Amino acid sequence: MRNPRPFDSWELAVPALPARSRLYSLAPIGVGTAFVEGLTSYVSRLAAAHSVSVGNLVGRELSDNGPGPLPLVHPSKRLQNGRSLFHGFAGASYSLNGAGDSPRLWIEVLEAKTCRRELRVLTLLPFEEILPDTKLFRKRRAWCPDCFRGWRKGGDHLYDPLLWSLRPVSFCPLHRQPLQERCPWCNRGSRPLASFTRPGHCSRCQRWLGVRSRDEASESALDQHQMRHAYWVATALGELLRSEEHTSELQSLRHL
């Protein structure tokens, strides 16, 4: 008599599952480089990844489901049936890329939603003890059209480096051209983070920003001395941001 063939056994124990994020665990760009992404840029890319506007992502998801109202977000008015009349977000300044309580709270909410743990290096929080907060950031969004055009041509992600948000930086160290603050199509400036901010596009007219404005380029013409100085400033601050990751690691080790 043949021995009966045993059936395959199944493991009935429930396997341990890693933590799940409510939002996509979007990886920031350029960490550890001079062109590390800014926090405002990360928020706009996170909204684009979910096919929603920045206003809806911030006003309805990040603010409503966080530990409390986010700084720079107004409470949304609600109708009698409980629906929101509007999302409660109008725009934010580049202070979110800096140091202090506002970026710290935004990072806390974003990391809880995405399960990321490195978002503080998208701000100047690692340098809050050595860099001043006042007059450090632009009030308007600034960008290099040549960078946008090159990234899109190469199939890379479009984003706004933290370097572009710093007021002393008026020059792109890669293309040695002045940064722009006005859309080449509607000739208007925009907030660093608006309800309809899109990577590489104007938040007002939604058109492509990878085109250099002739008027602004001529107005921003620099002589050789000014160009060398602007290039040096941009390169020096880029090197500082390149070391940001190591600075944060050293600060973490001090708490062990």
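I will try to describe carefully the structure that is included in this document.

Criteria and thresholds
- Residues numbered from 1 in each chain as written.
- Predicted model: local features only at pLDDT ≥ 70, side-chain atom pairs only at ≥ 80, totals over all residues.
- Heavy atoms only, no water.
- Helix = DSSP H or I, 4+ residues; strand = E, 2+ residues; numbered from the N terminus.
- Phe/Tyr/Trp six-rings, centres within 6.5 Å; stacked < 30°, edge-to-face > 60°.
- Buried < 20%, exposed > 50% of the residue type's maximum accessible area, 1.4 Å probe, protein only.
- Core = buried A, V, L, I, M, F, W, Y, C linked by side-chain atoms within 4.5 Å.
- Contact = heavy atoms within 4.5 Å.
- Salt bridge = Lys/Arg side-chain N within 4 Å of Asp/Glu carboxyl O.
- Expected span 1.5 Å × (residues − 1).

1. Details of unusual backbone geometry
Piece 1. Phi at Ser 51 is positive, roughly 60°, even though this residue is not glycine.
Piece 2. With respect to the secondary-structure elements, Ser 51 resides in the loop between α1 (39–49) and α2 (54–62).

2. Here's the deal with the packing of aromatic side chains
Piece 1. Summed over all chains, the structure comprises five aromatic pairs.
Piece 2. With centroids separated by 5.5 Å and ring planes inclined at 85°, the aromatic side chains of Phe 148 and Trp 164 adopt a geometry described as edge-to-face. Of this pair, Phe 148 sits in helix α4 (residues 145–153) while Trp 164 sits in the loop between α4 and β2 (171–172), and the two are 16 residues apart along the sequence. Neither residue differs from the other here; Phe 148 and Trp 164 are each classed as buried.
Piece 3. A ring pair is formed by Trp 151 and Trp 164, whose centres lie 5.9 Å apart and whose planes are at 20°; its orientation type is stacked.

3. Let's talk about the nonpolar core
Piece 1. In terms of nonpolar packing, the biggest core is built from 56 residues, with Val 58, Trp 106 and Trp 164 touching the most fellow members.
Piece 2. At the level of elements, α1, α2, α3 (101–114), α4 and α6 (224–242) are the ones that each hand at least two residues to this core.
Piece 3. Broken down by element, this core gets its largest block of residues, five residues, from α1.
Piece 4. Those residues within four positions of Val 58 in sequence are excluded, and the remaining contacts are Val 43, Ser 63, Leu 70, Val 73, Phe 89 and Trp 106.

4. Some words on the pattern of salt bridges
Piece 1. Tallied over the full model, the rule gives eleven salt bridges.
Piece 2. Across the pair Glu 61 and Arg 22 runs a salt bridge whose closest N-O atoms are separated by 2.4 Å. Linking Glu 61 in helix α2 with Arg 22 in the segment before α1, this pair joins segments that are 39 residues apart in sequence.
Piece 3. The salt bridge partner of Arg 242 is Glu 239, with a shortest N-O separation of 3.1 Å. With Arg 242 and Glu 239 both in helix α6, this residue pair falls three residues apart, about one helical turn.
Piece 4. You can call Arg 242 partly exposed: its relative accessible area is 37%.
Piece 5. The network of salt bridges with shared partners includes Arg 22, Glu 61 and Lys 113.

5. Notes on the environment of Gln 177
Piece 1. Mapped onto the secondary structure, Gln 177 falls in strand β3 (residues 177–178).
Piece 2. Considering only alpha carbons, one finds Gln 177 and Cys 144, 33 residues apart in sequence, at a separation of 7.6 Å.
Piece 3. Leaving out residues up to four positions away in the same chain, Gln 177 has contacts with Asp 146, Ser 170, Phe 171, Cys 172 and Arg 212.

6. With respect to α3
Piece 1. With 14 residues, α3 should cover 20 Å at 1.5 Å per step; its first-to-last C-alpha distance of 20 Å lies within 8% of that length.
Piece 2. Taken as a whole, α3 has its buried residues at Pro 103, Trp 106, Ile 107, Val 109, Leu 110, Glu 111, Lys 113 and Thr 114.
Piece 3. Lining the buried residues of α3 we find α1, α2 and β4 (193–194).
Piece 4. Following α3 by one or two positions, Cys 115 adopts a phi angle in the positive range, close to 60°.

Interpretation note: all reported values are geometric properties and have no functional meaning in isolation.
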